[in-house]
Amino acid sequence: MPPGETGGQVSAVARLREAVRWDARSVARAARAAWRGPGRERDLLVQSLKAAAAALLAWVLAQVWLGDPMALMAPWVALVLVQATVYSSILQGTRQFAAICVGALVASGAQAVTGDTTGALALSVPVLVLLSNWPRFGDQGIYAATTAVFTIATGTVSAAAVGHRLGQAALGAVIGIAVNALVLPPIHLRDVRENLSALAREAGEVLRTVAGDLREGDWDGQTAVGWVGASARLQDRLGALRSARGWSTESLRLTSGVLRALHRAPTTVLPPAEEDERFGRVTGHVTALTRTLAVAADEERTPAAPDEEVLRSYAELLELLGDSCRAEADRLLGGSAREDPLLDERTEAVMRELHERLQEGLREHAGQGAARTAVLGALLLQAENLWADLDGGDRTR
């Protein structure tokens, strides 16, 4: 240990180094993903470059071509208005322009009343910061206060100067909105499809993991806790899917008419919202299934796990359901039919056979006590619910 360096300092330095390495690896992964092909990382890169291009264009128009000495406002507004959706750009642009107008006018009035820079700041900024919380401004209200600071600090509060600022703000808003709408407008259809496919695939992976452990027969409470944790992560994916659905719905607003006629917006069909609900139910069934097994593995709880032979049959059933989830994931991501059209027929035949075998096991367990019977009945119910949603969704397409 270096002289004068305590163990706590070494630990802090080690954590800092690890954080830096983690961030560097994250940046590298994002760069590779953006290079490989379309995805979230490339979308972020495109949006960032668009924002920079909008700011540069606004500066060239305001300062170089128009020769306006107050050209700062145009690139500033253009930069922040390249939002995640075209609708957001227009909404935020309207709010920001209103906030800038209020800030410029209040600052000019405060300067006229006080005749002093410090007095004008003291009079206008507290009022404008308070006004920035007005819901009508959304998250753009703070621009009222910052505009007032810029206006008063530069000492130009005449009617002509205020007019210049408002004109530059309007120019920046037009450029930012136009660039966002006409240059690769952000349409978040892929986010829904990718999250929906990932949810189906991860649900299948959980089912196949449970099936493998049950088939081996070497599982306990700790193993079951791992299953429950994996199913809980499905809830996080479901939340991401719902968030992506909201972004996608918003990104399609104001882009279905002129922009599509100009081939500036995609016409890809968004997966129906019913698919979100269907796989939300699948996620719930998987979660209930793993929790039932976790309760059965808990020695301090009354319910007991079924016999190993019955569980091996159940594992075979779960594996088939996992394959069905994986097939659904491929279909959702590719936007086409399942790659294996016979999977449903084979799974249904095996499902009937296993169902009969498990029902027989349920009758046998009924004579051994209510605890095992209750667990097997709950497991069988969740498997039937899973297949009903997976098979039913395929029949309705």
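Residues numbered from 1 in each chain as written. Predicted model: local features only at pLDDT ≥ 70, side-chain atom pairs only at ≥ 80, totals over all residues. Heavy atoms only, no water.

### Quick notes on the overall build of the protein chain
Looking only at helices and strands, the protein chain has 14 helices and zero strands in total. When its helices and strands are written in sequence order, the protein chain yields α-α-α-α-α-α-α-α-α-α-α-α-α-α. Considering the protein chain as a whole, with its 397 residues, one finds that 41% of them fall into the buried category. Sequence-distant contacts in the protein chain: of pairs separated by 6 or more residues, those separated by 24 or more amount to 79%. Accessible area for the protein chain stands at about 20,600 Å²; split by element, carbon and sulfur atoms hold 60% of it. (Helix = DSSP H or I, 4+ residues; strand = E, 2+ residues; numbered from the N terminus. Buried < 20%, exposed > 50% of the residue type's maximum accessible area, 1.4 Å probe, protein only. Contact = heavy atoms within 4.5 Å. Areas by Shrake-Rupley, 256 points an atom, 1.4 Å probe, with all protein chains shown as cover.)

### Notes on the environment of Gln 222
Locating Gln 222 in the fold gives a position in helix α9 (residues 221-251). Spatially, the C-alpha atoms of Gln 222 and Ala 294 are 8.5 Å apart, while their sequence positions differ by 72 residues.

### Concerning the confidence of the model for the protein chain
Looking at the protein chain as a whole, the pLDDT averages 79, with 79% of positions reaching at least 70. A low-confidence stretch, residues 393-397 (pLDDT under 50), is modelled with 11 contacts involving residues beyond four sequence positions or located in other chains. (pLDDT = per-residue confidence, 0-100.)

### Here's the deal with the nonpolar core
Membership of the largest hydrophobic core comes to 44 residues, with the highest contact counts inside it found for Leu 214, Leu 289, Leu 318 and Leu 321. Listed by contribution, the elements that provide at least two residues to this core are α8 (189-216), α9, α11 (273-297), α12 (308-334) and α14 (370-395). Dropping the residues within four chain positions of it, Leu 214 is found in contact with Trp 219, Trp 227, Leu 293, Leu 311, Arg 312, Tyr 314, Ala 315 and Leu 318. Cys 101, Phe 137, Tyr 143 and Ile 152 belong to the second largest nonpolar core, which has 22 residues in total. (Core = buried A, V, L, I, M, F, W, Y, C linked by side-chain atoms within 4.5 Å.)

### Observations concerning the packing of aromatic side chains
The full count for this structure, using the stated rule, is three aromatic pairs. Relative to Phe 150, the ring of Trp 76 lies with its centre 5.6 Å away and its plane at 75°, an arrangement referred to as edge-to-face. With Trp 76 in helix α3 (residues 73-80) and Phe 150 in helix α6 (residues 142-153), this pair connects stretches of sequence that are 74 residues apart. Given a relative accessible area of 36%, Phe 150 falls into the partly exposed group. Three or more aromatic residues link up through ring pairs in this structure, and these residues are Trp 76, Tyr 143 and Phe 150. (Phe/Tyr/Trp six-rings, centres within 6.5 Å; stacked < 30°, edge-to-face > 60°.)

### Here we look at helix α7 (residues 159-182)
When the terminal C-alpha atoms of α7 are compared, their 34 Å separation across 24 residues agrees well with the 34 Å that a helix rising 1.5 Å per residue should span. Directly beyond the C-terminal end of α7, a positive phi value near 45° is found at Leu 184. (Expected span 1.5 Å × (residues − 1).)

### Some words on a nonpolar patch on the surface
On the surface, Trp 59, Val 64, Trp 65 and Leu 66 cluster together to form a nonpolar patch covering roughly 490 Å² of accessible area. Note on placement: Val 64 falls in helix α2 (residues 40-65). Residue class for Val 64 comes out exposed when judged on its relative accessible area of 55%. (Patch = residues over 30% accessible without salt bridge, like charges linked within 9 Å, V, L, I, M, F, W, Y side chains within 5 Å. Salt bridge = Lys/Arg side-chain N within 4 Å of Asp/Glu carboxyl O.)

### Let's talk about the pattern of salt bridges
Applying the stated rule across the entire model yields 13 salt bridges. We note a salt bridge from Asp 276 to Arg 245, for which the minimum N-O separation is 2.7 Å. A residue pair is termed long-range when its members are at least 10 positions apart, and Asp 276 in helix α11 and Arg 245 in helix α9 qualify at 31 residues. Judged by its relative accessible area of 12%, Arg 245 is buried. Salt bridges here are not isolated pairs; linked through shared partners, they connect Arg 208, Arg 215, Glu 319, Asp 323 and Arg 326.

### A word on the packing of helix α4 (residues 86-114) against α7
Between two packed helices, both the angle of their axes relative to each other and the distance between the axes serve to describe the pair. Following both chains from N to C, one finds α4 and α7 inclined at 170°, their axes separated by 10 Å at the closest point. The angle between α4 and α7 places the two elements in the roughly antiparallel class. Contacts between α4 and α7 involve Val 86, Ser 89, Ile 90, Phe 97, Ile 100, Cys 101, Ala 104, Leu 105 and Ser 108 on the former and, on the latter, Val 162, Leu 166, Ala 169, Ala 170, Ile 177, Asn 180 and Ala 181. Here the residues of the contact of α4 with α7 sort into 13 nonpolar, three polar and no charged. (Axes fitted to C-alpha atoms, helices over the stretch in contact; angles between N-to-C directions. Parallel < 35°, antiparallel > 145°, perpendicular 65-115°, else oblique. Nonpolar A, V, L, I, M, F, W, Y, C, P; charged D, E, K, R; others polar.)

### Notes on the packing of helix α5 (residues 117-131) against α6
Between α5 and α6, whose axes approach to 9 Å, the crossing angle comes to 170°. For the element pair α5 / α6, the angle class is roughly antiparallel. Across the interface between the two elements, Thr 117, Ala 120, Leu 121, Ser 124, Val 125, Leu 128 and Val 129 of α5 pack against Ala 144, Ala 145, Ala 148, Val 149 and Ile 152 of α6. Tallied by class, the residues present in the contact of α5 with α6 amount to 10 nonpolar, two polar and no charged.

### Some points on the side chain of Gln 140
Structurally, Gln 140 is set in the loop between α5 and α6. A polar atom in the side chain of Gln 140 sits 2.9 Å from the side chain of Gln 96. If we ignore the near neighbours within four places in the chain, the residues touching Gln 140 are Gln 92, Arg 95, Gln 96 and Ala 99. (Polar contact = N/O pair within 3.5 Å; in protein donor to acceptor, adjacent residues only side chain to side chain.)

### Some points on the environment of Thr 209
Among the structural elements, Thr 209 can be located in helix α8. Sequence spacing of Thr 209 and Ala 230 is 21 residues, and the spatial spacing of their C-alpha atoms is 9.6 Å.

### What to know about the environment of Pro 126
Here Pro 126 is to be found in helix α5. The sequence separation of Pro 126 and Ala 145 amounts to 19 residues, and the corresponding C-alpha distance is 8.2 Å.

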